[in-house]
Amino acid sequence: MSKIICRDKIFVIETENTHYVIGIDNEGFNRHVYWGKKCDVNDYEIDYNHGENAHNTVLDEITQEYTVFGSTMYRECALKANFADGCREVDLKYTGYEQNGNTLSLNFSDTYYPLTVTLNYKAVDGLDIITRWTTVKNTGSESISFEKLFSAELTFPSKKPYRFKNTNGSWGGEFLETDTELKGGSLAFQSRGGVSGHNNSPSFIAYQNADEKVGDVYFASLAYSGNFKVSASRDLYNTTRVLLGLNDFDFEYLLKAGESFDTPKVFCGYTCGFGEMSRQMNKFVIDCIFPKPYNKTPLPVLYNSWEATYFDVNSENQCALAEKAAEIGVELFVMDDGWFGGRNDDNAGLGDWFVNKEKFPNGLSELIEKVNSLGMDFGLWVEPEMVNPDSDLYRAHPDWAYHYPHRTAHELRNQLVLNMTREDVQEYIFNLLDTLLTENNIKYFKWDMNRALSETGAENLEVPKMLWYLHTKAVYDIVDRLKAKHPGVTIESCCSGGGRSDLGALQHFDMFWTSDNTDGIDRMTIQKGCSLLRPTKAMRAWVTGIEGINKPCSLDFRFAVAMQGSLGVGGNLTKYSDEDLQICKKNIALYKEIRDIVQFGDLYRILDIEKDEVLLNQYVNEDKSKSVAFLLANGTRFYKKRMPICFDGLDENKRYRLTIQNNTYEKSGAYLMNVGIPLHIRGVDYNEIIILEEIK
Ligand code: GLA
């Protein structure tokens, strides 16, 4: 059970295994006291042992929960405000706290100006994850403008350097892990293109002496899909701290008289090892982040037409694909790009969301009825935030795209970005999607976003720099409105693959498209990086016709990779041989049996394809009665992969039955985790899906 203990201006947030401790010092400053393994709550106290010289000040040295710009504080701060009379400093003093169950709010007011700042903390039962966010309120009669408005500042206890994991991805190569030691100075992970993007993740993992099972691991993820910044530093006193929040790049937020603003949330935790971190985050997202009521509903097996027909979709070829998809056991048929306006390639059509009559003479209903009659739901690709200059929409409303009057608006993928901060644009987008859902039996949208923002003029706004934030907010709002009006509809977030797959997106969207790279070998690495702080269920994974660009691997192998997420199929099934279709059918049927364990179970990353040449990922259900393990290798070297395979996450005292390499074993959990099963793992295309079942 989590609880909050308030003792004489010391606040302890107690989670399952950790304490997060905040204090208010004699001068009324917020102080960070401690975060980590539980200690005696009565021992926590504020450290007043600080020195000062003309360059290094007390304010600069102390660890704070939320540092504001002003006075003798020189390091990167969480908040910087400008008041109407030109004062650019904030001076906060503690005014009191509120406790509501497991939520703690610490209130601070500026000593002169009408600004209050509330630091909010929320703990959940059963996990070591705390939600943090900050609320600012303008209690005066004139606007206050913010240059920086981060969600949270986090400080770690050890004075030794921490290593930081993040990702350095790109289109087709998302979630590639980076690992950097921060000995001094600072390190930033960020996005500036209007989406959380492919490059860095809006999160951090800071650790010392850690691997999957041991070590101190601090982590946090920001729930925001726009420009973010995660700024880590190690100062001259050897304190390592991280700020997370809205990027202060080209940033301004105007808080008018009487208004308040909640920053995006940060979900942070401390665990022993990376494995526990991922399992806790997975559970947390399922229970607390995914949109309800479908948070605990398994995702259907999906078919997507993109790699089969690209822009050449038509009623005939989609019906033919649908027949094959139904035959192999698909539950949701999604038609991708190309069905609307003058969309025959990526040069035209975005914005004209009416059915292309040459491709679908009888509208969408013919295809949808066919899909439904085959027992599948129907889904559709859309890219609502975009417009091609070659479209009726752009010809009618050139001013709807972001632009500056005297600058050329850059086209990327031949398209411009709609100014989502305009109410008329928001209404247009909501209405078009609402009409599609009202007039057709559509159960699913794949909402794409295929370029970064540029020439971000927004003349409609009093403070144009607010567009970065308002664009993201508009996307969230439209998704929420659509779902409220059309219960039962789920929406996938796609951004040229995994460019908008953050936990902010997952408060509104139900899942994300992980990567356009469906190569079986590359996907093992992409999915590993993705699994660190993102939930398995949300990770869409298709088996397509690509057999590996330079790295051929079998259909079974590619299924064994894709079945470690939410399975989809995307190849041109009309060209598959009967034998291939049977392989698809067999794997999809197996996936349906194990998907509850994969999508909701605990993941143990036992062997890593990059480090060990062999991948062993195991998923275990809640009562540890059933588990599924994926064992894959592609080109082991030196004949050395003669090894016992040890499992994880099982109940030591339960007995399990499993079959590997055609041999059936009956062993205790303790044996399987400590002794293991001796195997020879060889070849370029080694793949086994191992089911472990409790013998009752
Ligand atoms: C993006 C997506 C693809 C596909 C195309 C369609 O690239 O990532 O999956 O939907 O757009 O144009």
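Conventions and cut-offs
- Residues numbered from 1 in each chain as written.
- Predicted model: local features only at pLDDT ≥ 70, side-chain atom pairs only at ≥ 80, totals over all residues.
- Heavy atoms only, no water.
- Axes fitted to C-alpha atoms, helices over the stretch in contact; angles between N-to-C directions.
- Helix = DSSP H or I, 4+ residues; strand = E, 2+ residues; numbered from the N terminus.
- Parallel < 35°, antiparallel > 145°, perpendicular 65-115°, else oblique.
- Left-handed = near helix turned anticlockwise from the far one by under 90°.
- Contact = heavy atoms within 4.5 Å.
- Nonpolar A, V, L, I, M, F, W, Y, C, P; charged D, E, K, R; others polar.
- Pairing = 2+ DSSP bridges.
- Core = buried A, V, L, I, M, F, W, Y, C linked by side-chain atoms within 4.5 Å.
- Buried < 20%, exposed > 50% of the residue type's maximum accessible area, 1.4 Å probe, protein only.
- Domains from an automatic or database assignment.
- Phe/Tyr/Trp six-rings, centres within 6.5 Å; stacked < 30°, edge-to-face > 60°.
- Lys NZ or Arg CZ within 6 Å of the ring centre and 35° of its normal.
- Near = heavy atom within 4 Å.
- Polar contact = N/O pair within 3.5 Å; in protein donor to acceptor, adjacent residues only side chain to side chain.

Draft legend 1. Summary view of the packing of helix H9 (residues 520–531) against helix H10 (residues 555–562). At a closest axis distance of 9 Å, the pairing of H9 and H10 adopts a crossing angle of 15°. The pairing of H9 with H10 is recorded here as roughly parallel in orientation. Of the two elements, H9 crosses H10, and the hand of that crossing is left-handed. On H10, the residues touching Gly-520, Ile-521, Arg-523, Met-524 and Gln-527 of H9 are Phe-557, Arg-558 and Val-561. For the contact of H9 with H10, the class distribution of residues is four nonpolar, two polar and two charged.

Draft legend 2. Summary view of the sheet that holds strand E2 (residues 10–14). Taken in spatial order, the four strands make up an open sheet running E1-E2-E3-E4, and their pairing is antiparallel. The open sheet terminates on both sides in strands that have one partner only, identified here as strand E1 (3–7) and strand E4 (30–37). Ignoring which end each strand starts from, the neighbouring axes of this sheet average 15° apart. Summarising the sheet, E2 and strand E3 (residues 18–24) pair through five bridges and their orientation is antiparallel. Along E3, the bridge assignment pairs Ile-10 with Gly-23.

Draft legend 3. Examining the nonpolar core more closely. In terms of nonpolar packing, the biggest core is built from 94 residues, with Trp-339, Leu-433, Leu-436 and Trp-447 touching the most fellow members. Top element by residues in this core is helix H11 (residues 578–600). It accounts for eight residues. Mapped onto the domain boundaries, this core takes at least three residues apiece from domain 2 (302–563) and domain 3 (605–694). Each residue touching Leu-433, except ones within four places of it in the same chain, is listed here: Val-382, Pro-384, Phe-445, Trp-447, Ile-478 and Leu-482. Of all hydrophobic cores here, the second largest spans 64 residues; its members include Leu-119, Phe-146, Phe-150 and Val-242.

Draft legend 4. How the structure looks around the packing of helix H7 (residues 423–439) against helix H8 (residues 467–485). The interhelical angle for the contact between H7 and H8, taken along N-to-C directions, is 30°, at an axis separation of 10 Å. The angle between the axes of H7 and H8 places the two elements in the roughly parallel class. Relative to H8, H7 is oriented so that their crossing is right-handed. For the pair H7 and H8, the contacting residues are Gln-426, Glu-427, Ile-429, Phe-430, Leu-433, Asp-434 and Leu-437 in the first and Ala-474, Ile-478, Arg-481, Leu-482 and Lys-485 in the second.

Draft legend 5. Spatial organisation of the packing of aromatic side chains. Applying the stated criterion across every chain yields a total of 36 aromatic pairs. Between Phe-261 and Tyr-469 the ring centres are 5.2 Å apart and the planes differ by 75°, which places this aromatic pair in the edge-to-face class. Of the two residues, Phe-261 sits in strand E19 (residues 260–262) while Tyr-469 sits in helix H8, which places them 208 residues apart along the sequence. Residue Phe-261 shares its accessibility class with Tyr-469, and that shared class is buried. Taken together through their ring pairs, the aromatic side chains of Tyr-20, Trp-35, Tyr-121, Phe-156, Tyr-162, Phe-164, Phe-204, Tyr-218 and Tyr-270 make up a single cluster. Sitting above the plane of the Trp-133 ring, Lys-265 keeps its charged end 4.8 Å from the centroid. Across from the ring centre of Tyr-671, 4.5 Å away, lies the NZ or CZ of Lys-667, which sits over that ring.

Draft legend 6. Region of interest: the sheet that holds strand E30 (residues 566–569). Taken in spatial order, the eight strands close into a barrel running E21-E22-E23-E26-E27-E28-E29-E30, and their pairing is parallel. Sheet twist, expressed as the mean angle between neighbouring strand axes with direction ignored, is 30°. Relative to strand E27 (residues 490–493), strand E26 (residues 444–447) runs parallel, the two being bridged by four bridges. By the bridge assignment, Trp-447 is partnered in E27 with Ser-493. Against the sheet, H8 engages E26 and E27, with an angle of about 170° to E26. The strands touched by H10 are strand E29 (539–543) and E30; relative to E29, the strand with the most contacts, the crossing angle is about 175°.

Draft legend 7. Broad picture of the pairing of strand E34 (residues 642–645). Of the two faces of E34, only one is covered, namely that formed by Met-643 and Ile-645; the face formed by Arg-642 and Pro-644 stays uncovered. For E34 and strand E37 (residues 677–680), the ladder comprises four bridges, and the chain directions are antiparallel. Looking across to E37, one finds that Met-643 is bridged to Leu-679.

Draft legend 8. Fine view of the site of the ligand. Close to the ligand lie 13 residues; Asp-336, Asp-337, Lys-446, Asp-448 and Asp-516 are nearest. Here an oxygen atom of the ligand and a side-chain polar atom of Asp-336 are 2.6 Å apart. Here Asp-516 contributes a side-chain N or O atom positioned 2.8 Å from an oxygen atom of the ligand. Each residue belonging to the shell around the ligand can be placed in one class, and the counts come to four nonpolar, three polar and six charged.

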